[in-house]
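# An overview of the molecular structure
The residues making up each chain are set out below.
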Amino acid sequence: MRDLKNSLRHAGRRLWTDRWPVTVLTLALVVGIGLVVTWLTAFNGLLVKQWPLPDADRVITSLNGVPPAEFRELRARATQVQLVAATQTCPRAQLGELQQNTACELVSGDYFDVLRLPLAQGRAFRLDEDIAGTPVPVVIISDGLWRDRFGRSPEAIGAMLRVNDIPFTIIGVAAADAITRPSPVAPRLWFPLAAYPLLDPDRDFLFDPEQCCVNLAGRRLGSIAAVNTELTALHREIREATHPGDVLEVAGTRGISQRWDPRGTTAIALVFAGVLLVFLVAAFNAAILQYGRGVARRQEFLVRRALGASRGQLIRLLLWENAALGAVIATLVL
């Protein structure tokens, strides 16, 4: 313990003596490690981490969208999966008198129930509120919108919310963690898919088989392979006349398992290469600084050897110095 105490005291004194090169070395490593950790955190959150859904291992998502008309037929005929859908893009939703554009999503009537998305207040959509051709002006709002506009008052349920100058009745408030996928822009409004004509009356989105698209999701009853086989067969049967050879692919909710757009893959590779290059430059500079410190201390080590210090004692001394430096760097990174 006495040797340990002396070694730590000497390590601290030595780092203070060499404080300027040690500061530069520390900053170089902190920047390099910080960039790598940040990139890996983002990579895990967006592409590797499973979506935050209950029983997410049984949830599947489509790798390509389908027209809403085809979704209704697939849902009616599929036996291996409970299918739900959400629009890939939402019509412009302008909220209130100030006409503020608000992120939104149109979803099938059982979307919240099948994916088991939690609600803070109210209820989810009913299937009779999502019948194509008979739109019902109801809406579910996000926890953030509930807080900002209603101060989290329970009286928000049943209140009217004007969207695109059309009054919608608020029937529910999604819980703060009610997200279906990692995304930088979360919806603040959810509408039934059948309400699309209320938001964009100029587009025959729900019935035209060439209008695209909605993304599919669902809870599988069989294996992913069985779901893939069934949906691909149904998709080809429905689209054979107009789009022969089309394949409908599904995957689990881990983004890394999904097919990447080549442009996205290139961007990810370039960002990773840039981060890795910065880290290597930082590590190279740190190595040069450490080598320079070692050369400058050569005379010190010769004197210590002449006074009777063993090779093991010198090595132990250097290990404690580097351990202290590593503790400082780890503290700054964390």
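Rules behind the numbers
- Residues numbered from 1 in each chain as written.
- Predicted model: local features only at pLDDT ≥ 70, side-chain atom pairs only at ≥ 80, totals over all residues.
- Heavy atoms only, no water.
- Helix = DSSP H or I, 4+ residues; strand = E, 2+ residues; numbered from the N terminus.
- Buried < 20%, exposed > 50% of the residue type's maximum accessible area, 1.4 Å probe, protein only.
- Contact = heavy atoms within 4.5 Å.
- Areas by Shrake-Rupley, 256 points an atom, 1.4 Å probe, with all protein chains shown as cover.
- Pairing = 2+ DSSP bridges.
- Phe/Tyr/Trp six-rings, centres within 6.5 Å; stacked < 30°, edge-to-face > 60°.
- Patch = residues over 30% accessible without salt bridge, like charges linked within 9 Å, V, L, I, M, F, W, Y side chains within 5 Å.
- Salt bridge = Lys/Arg side-chain N within 4 Å of Asp/Glu carboxyl O.
- Axes fitted to C-alpha atoms, helices over the stretch in contact; angles between N-to-C directions.
- Parallel < 35°, antiparallel > 145°, perpendicular 65-115°, else oblique.
- Left-handed = near helix turned anticlockwise from the far one by under 90°.
- Nonpolar A, V, L, I, M, F, W, Y, C, P; charged D, E, K, R; others polar.
- Expected span 1.5 Å × (residues − 1).
- Disulfide = S-S within 2.5 Å.
- Core = buried A, V, L, I, M, F, W, Y, C linked by side-chain atoms within 4.5 Å.

Moving on, we get to the overall build of the protein chain. Looking only at helices and strands, the protein chain has 10 helices and 12 strands in total. Here the protein chain holds 334 residues, and 39% of them are scored as buried. Considering only intrachain contacts with a sequence separation of at least 6, the fraction spanning at least 24 residues in the protein chain is 75%. Entry remark: accessible area of the protein chain is about 18,100 Å², with carbon and sulfur atoms responsible for 61%.

As judged from the three bridges shared by strand 6 (residues 119-122) and strand 9 (residues 166-174), these two strands associate in the antiparallel manner. In the sheet register, Gly122 faces strand 9, and the bridge partner there is Gly172. In this structure, strand 8 (residues 160-163) lies alongside strand 9, joined through four bridges in antiparallel fashion. Within strand 9, the position partnered with Met160 by the bridge is Thr169.

On to the side chain of Thr232, then. Secondary-structure assignment places Thr232 in helix 7 (residues 224-239). Apart from residues lying up to four places away in sequence, Thr232 is in contact with Val247 and Leu248.

Our next topic: the packing of aromatic side chains. In the structure shown here, the tally under the stated rule is five aromatic pairs. An angle of 80° between the planes, with centres 5.6 Å apart, marks the rings of Phe112 and Trp190 as edge-to-face. With Phe112 in helix 4 (residues 111-115) and Trp190 in strand 10 (residues 189-192), this residue pair connects regions lying 78 residues apart in the sequence. Grouped by ring-pair contacts, the aromatic residues Tyr111, Phe112, Phe125 and Trp190 constitute a single cluster.

Moving on, we come to a nonpolar patch on the surface. Together, Val31, Leu35 and Val278 make up a nonpolar patch on the protein surface, roughly 210 Å² of accessible area in all. Structurally, the position occupied by Val31 is in helix 2 (residues 19-48).

With that settled, consider the packing of helix 3 (residues 68-77) against helix 7. Contact pair helix 3 / helix 7: the axes reach a minimum separation of 11 Å and the direction vectors enclose 135°. Our classification of the angle between helix 3 and helix 7 gives oblique. Where helix 3 crosses over helix 7, the handedness of that crossing is right-handed. Contacts between helix 3 and helix 7 involve Glu70, Glu73, Leu74 and Arg77 on the former and, on the latter, Glu230, Leu231, Leu234, His235, Glu237, Ile238 and Arg239. Residue composition of the contact of helix 3 with helix 7, grouped by class: four nonpolar, one polar and six charged.

Right, let's get into the side chain of Thr87. Looking at where Thr87 falls in the secondary structure, it is placed in strand 2 (residues 81-87). Among all residues touching Thr87, those that are not within four sequence positions of it are Glu105, Leu106, Leu193, Tyr196, Phe205, Cys213 and Val214.

Moving on, we come to the pattern of salt bridges. Side-chain pairs of opposite charge can arise whenever the charged atoms involved come near each other. Counted according to the given criterion, the structure contains 11 salt bridges. The residue Arg123 makes a salt bridge to Glu129 at a minimum N-O spacing of 2.7 Å. Judged by its relative accessible area of 30%, Arg123 falls in the partly exposed class. Among the residues examined, Glu129 registers a relative accessible area of 4% and is labelled buried.

Looking at the element boundaries, Gln290 is found in helix 8 (residues 262-296). Sequence separation between Gln290 and Pro21 is 269 residues, and the spatial gap between their C-alpha atoms is 8.6 Å.

For helix 7, which comprises 16 residues, the first-to-last C-alpha distance of 22 Å matches the rise-based estimate of 22 Å (1.5 Å per residue) to within 8%. Buried within helix 7 we find Val227, Glu230, Leu231, Thr232, Leu234, His235 and Arg239. Buried residues along helix 7 sit against strand 1 (59-62), helix 3, strand 2, strand 11 (214-220) and strand 12 (250-251).

Our focus in this paragraph is the state of the cysteines. Counted under the stated rule, the structure contains two disulfides. Here Cys90 engages in a disulfide with Cys104; their sulfurs sit 1.8 Å apart. Torsion about the S-S bond of the Cys90 and Cys104 cystine: about -100°, corresponding to left-handed handedness. Of this pair, Cys90 sits in the loop between strand 2 and strand 3 (94-95) while Cys104 sits in strand 5 (residues 104-107); the two residues are 14 residues apart in sequence, bridging distant segments of the chain. We classify Cys90 as partly exposed; its relative accessible area is 24%. A relative accessible area of 13% means that Cys104 is categorised as buried.

With that settled, consider the nonpolar core. In terms of nonpolar packing, the biggest core is built from 37 residues, with Val163, Leu189, Phe191, Leu216 and Leu231 touching the most fellow members. In contact with Phe191, not counting residues within four places along its chain, are Cys104, Glu105, Leu106, Val107, Phe125, Val138, Val139, Val163, Phe168 and Leu199. Counting residues in each nonpolar core, the second largest holds 21 residues, with Val84, Ala124, Phe125 and Val138 among its members.

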